[in-house]
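Listed below, chain by chain, are the residues.
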Amino acid sequence: MLKAQLQELRMDPKVIEKIVQELGDFTPDMAEKEGVPIHKQICDIWDTIFNFQARDGDIVVASYPKSGTTWMQEILDLIIQEGDIKKSMRAPGFVKVPFLEMGHTSLEVANAMPSPRIIKTHLPVQLMPPSFWEKDVKMVYVARNPKDCMVSYYYFCKMDVTMTDPGTWDNFFSMFMGGNVPWGNWFDHVIGWWKAKDQHNILYVFYEDMIEDARREIQKVMRFLGKDLSEDIVQKILHHTSFKSMKKNPMFNYSALSDTVFDQSVSTFMRKGTVGDWKNHFLESQNIIFDKEYEKRMKGSDLVFRTEL
Ligand code: PPS
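This section reports on the structure supplied with the text.

Rules used in this analysis
Residues numbered from 1 in each chain as written. Predicted model: local features only at pLDDT ≥ 70, side-chain atom pairs only at ≥ 80, totals over all residues. Heavy atoms only, no water. Helix = DSSP H or I, 4+ residues; strand = E, 2+ residues; numbered from the N terminus. Expected span 1.5 Å × (residues − 1). Buried < 20%, exposed > 50% of the residue type's maximum accessible area, 1.4 Å probe, protein only. Arc of directions from axis to C-beta. Contact = heavy atoms within 4.5 Å. Salt bridge = Lys/Arg side-chain N within 4 Å of Asp/Glu carboxyl O. 1 Å grid on protein atoms, 1.4 Å probe; cavity = no way out; pocket = protein on both sides within 12 Å on 5 of 7 lines; lining within 4 Å. Points joined across faces, edges and corners; volume = space filled by probe spheres on them. Nonpolar A, V, L, I, M, F, W, Y, C, P; charged D, E, K, R; others polar. Disulfide = S-S within 2.5 Å.

**Points about helix α17 (residues 284-298)**
Thought 1: Compared with the 21 Å implied by 1.5 Å per residue over 15 residues, the 21 Å span of α17 between its first and last C-alpha is a close match.
Thought 2: Among all positions of α17, only Q286, N287, F290, E293 and M298 are buried. Taken end-on, α17 shows its buried residues confined to a sector of 135°, consistent with a single buried face. More than 90 degrees from the buried face of α17, the exposed residues found are E284, I288, K292, E295 and K296.
Thought 3: Check the buried side of α17 and you find it contacts α10 (146-159), α11 (169-177) and α12 (186-196).

**What about the pattern of salt bridges?**
Thought 1: The final tally for this structure, using the stated rule, is 20 salt bridges.
Thought 2: The partner of E308 in a salt bridge is K279, with the nearest N and O atoms 2.7 Å apart. One end of the pair, E308, is in the segment after α17; the other, K279, is in the loop between α16 (243-248) and α17, with 29 residues separating them in the sequence.
Thought 3: We classify E308 as partly exposed; its relative accessible area is 46%.
Thought 4: Several salt bridges converge on common partners, so that one network encompasses D209, E212, R216, E217, K220 and R306.

**Comments concerning empty space enclosed by the protein**
Thought 1: Using the criterion set out here, one finds two cavities of 30 Å³ or more in the structure.
Thought 2: Each pocket or cavity is described by its volume, and for the largest cavity that value is around 740 Å³.
Thought 3: Lining the largest cavity are 50 residues; nearest its centre among them are K66, T70, F156, Y254 and F269.
Thought 4: Those elements giving two or more residues to the lining of the largest cavity turn out to be α2 (13-25), α5 (69-80), α7 (93-96), α10, α13 (207-212) and α16.
Thought 5: Considering every element that reaches the lining of the largest cavity, the biggest residue donor is α10, with five residues.
Thought 6: In terms of residue class, the lining of the largest cavity is built from 25 nonpolar, 17 polar and eight charged.
Thought 7: Every residue lining the second largest cavity is listed: T70, Q73, E74, P92, G93, F94, M251, F252 and Y254.

**What about the layout of surface pockets?**
Thought 1: A volume near 320 Å³ is recorded for the largest pocket.
Thought 2: Looking at the largest pocket, it is lined by 18 residues, and the ones nearest its centre are R90, K96, M113, P114 and P116.
Thought 3: Listing elements by their share of the lining of the largest pocket, those giving two or more residues are α5, α7 and α8 (104-112).
Thought 4: Here the residues of the lining of the largest pocket sort into 12 nonpolar, two polar and four charged.

**With respect to the state of the cysteines**
Thought 1: Here the structure, examined in full by the defined rule, presents zero disulfides.
Thought 2: Just so you know, C43 is unpaired, no disulfide at all, and the nearest cysteine sulfur is the one on C157, 17 Å from it.
Thought 3: With no disulfide of its own, C149 lies 11 Å from the sulfur of C157, the closest cysteine sulfur.

Shape descriptors only; they carry no functional weight alone.
Next up, the structure:
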């Protein structure tokens with residue numbers, strides 16, 4: 001079904017196979033870049049990643065993992081494609097939006113891609129390739145409240161075979177609190193990008209705001225990109241990027257990846273898509289520990305997260 005769709009859209013299935021292969025070749029081995037834990041394979045090709053050449057007109061979607069990146073990348077793509085659903089279905093999300101730090105193939109695909117490109121990254125702001133700043137590239141940063149982010153990350157680590165097994169929820173809670181997870185400490189990530197938005201071309205968007213009023217947030221992104229689309233198109237984008245639509249869309253739900261990479265029988269990529277699921281996981285004692293740390297780390301910052309709507 002997927003191959004037929006790709007052929008119809010004249011996409012080369014070999015490119016997809018290569019990217020799937022690259023994702024599958026990842027191992028849970030970790031290393032560090034400037035004190036931030038990242039997959040060893042990313043560190044091994046760090047110079048190539050760091051020297052990536054941005055182009056005028058590129059758009060970056062940046063986030064801490066499990067914050068709504070996939071949702072935002074589809075919104076961005078549909079805005080650029082002016083609501084053309086067929087074009088948005090030209091390839092799975094992980095092909096048409098190259099993941100900057102994922103590997104050589106991803107970089108090759110990005111380099112070969114015509115502009116305007118959308119590029120995904122989970123890098124903390126201080127590790128972004130300088131070329132993006134030099135070109136004053138527009139970046140949309142998506143942030144999600146840390147409690148739901150932690151829960152989503154826990155299930156992701158269970159189903160993504162290339163991640164370290166998180167063990168029990170209690171164990172993962174400690175890993176996350178200590179920043180001992182790929183792409184590092186949540187607080188450092190969201191605060192770093194929050195500060196950067198005052199100096200660079202960054203739109204900072206909250207997952208909770210998207211859940212509350214996706215239309216309003218899509219309009220915000222459109223204004224940021226300088227796109228003025230009709231209400232009909234906005235409604236189309238809204239419909240195709242709803243949780244329900246994306247969950248069943250093979251281009252968006254990662255079903256193109258084999259279960260040796262994402263074992264979706266353990267947990268689906270499009271899992272719940274809600275605000276407040278943390279209440280089903282956090283013990284009272286964990287909540288107290290978390291709130292104390294949150295207060296300490298966010299003190300003096302005007303960055304505010306909502307953990308319920
Ligand atoms: S990743 O792997 O880091 O790129 O993951 P990411 O895309 O950032 O985050 C995955 C979570 O986002 C939810 N999601 C959505 N929520 C609401 N609406 C839409 N359309 C949507 N698309 C993705 C996805 O379900 C993951 O959250 P959880 O809480 O696990 O469901």
